[in-house]
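Architecture and fold: a report
The chain contents come next:
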Amino acid sequence: MVPLSFREITDRLKQMQLPETDVVIGIGSGGIPPATMVAFHLNAELQVMVLNYRDEKNTPRYEEPKVLAKPEWKLEGKRILLVDDVSVSGKTLQAALEQLKGLNVKTLAMKGKADFVLFPEIKDCVKWPWKP
């Protein structure tokens, strides 16, 4: 397991060339802490979309990710950055992107597969600073 600190994450955020963003959407629950950091870094609005696919032990709960809560957003014309902690199979990001179809959306994951990946070199599990 690879431990990461808030400082390491924020230092990496400062080094990345992220797109101009109006709204950061964090995928709950794992993507909310990193989305908060990204929204603060980009001085963007923060929203949350709650999807559930895996349990705390990373075992799939459902055949496909399920959208559990999606606020009433006014996102037309906004530049959106969709954030999750980890995207290995890409299923959760894809389910979230389906909800945002037709909008200007880029994706960011702390590790895994996305348009922007903060730690592409990490292949192992991560000990996130916001997890006990």
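Everything in this summary refers to the structure shown in the same document. (Residues numbered from 1 in each chain as written. Predicted model: local features only at pLDDT ≥ 70, side-chain atom pairs only at ≥ 80, totals over all residues. Heavy atoms only, no water.)

Take helix α3 (residues 91–99) next. Of the positions making up α3, those classed as buried are Thr92, Leu93, Ala95 and Ala96. In an axial view of α3, the angular spread of the buried residues amounts to 160°, which keeps them on one side of the axis. (Buried < 20%, exposed > 50% of the residue type's maximum accessible area, 1.4 Å probe, protein only. Helix = DSSP H or I, 4+ residues; strand = E, 2+ residues; numbered from the N terminus. Arc of directions from axis to C-beta.)

In terms of residue burial, strand β2 (residues 23–28) counts as a mostly covered element, since six of its six residues are buried. Inspection of the sheet shows β2 paired to strand β5 (residues 79–87) by four bridges, in the parallel sense. Bridging across to β5, Val23 finds its partner in Ile80. (Pairing = 2+ DSSP bridges.)

Across the interface, helix α1 (residues 6–15) lies against helix α2 (residues 32–42) with an axial gap of 11 Å and an inter-helix angle of 45°. Between α1 and α2, the interaxial angle falls into the category oblique. The crossing of α1 and α2 is right-handed. Together, Phe6, Ile9, Thr10, Leu13 and Lys14 of α1 and Met37, Val38 and His41 of α2 make up the contact between the two elements. Among the residues forming the contact of α1 with α2, the class breakdown is five nonpolar, two polar and one charged. (Axes fitted to C-alpha atoms, helices over the stretch in contact; angles between N-to-C directions. Parallel < 35°, antiparallel > 145°, perpendicular 65-115°, else oblique. Left-handed = near helix turned anticlockwise from the far one by under 90°. Contact = heavy atoms within 4.5 Å. Nonpolar A, V, L, I, M, F, W, Y, C, P; charged D, E, K, R; others polar.)

What follows covers the pattern of salt bridges. Applying the stated rule across the entire model yields three salt bridges. Between Arg79 and Asp22 there is a salt bridge, with its nearest N and O atoms 2.9 Å apart. With Arg79 in strand β5 and Asp22 in the loop between α1 and β2, this pair connects stretches of sequence that are 57 residues apart. Since its relative accessible area comes to 33%, Arg79 is described here as partly exposed. (Salt bridge = Lys/Arg side-chain N within 4 Å of Asp/Glu carboxyl O.)

As a further point, take the pairing of β5. In terms of burial, β5 is largely enclosed, as seven of its nine residues are buried. Across eight bridges, β5 lies against strand β6 (residues 104–112) in parallel orientation. Each residue of the ladder has a partner; that of Ser87, found in β6, is Gly112. Read as a crossover between parallel neighbours, the route from β5 over α3 to β6 is right-handed. (Right-handed = clockwise from strand over helix to strand, strands pointing away.)

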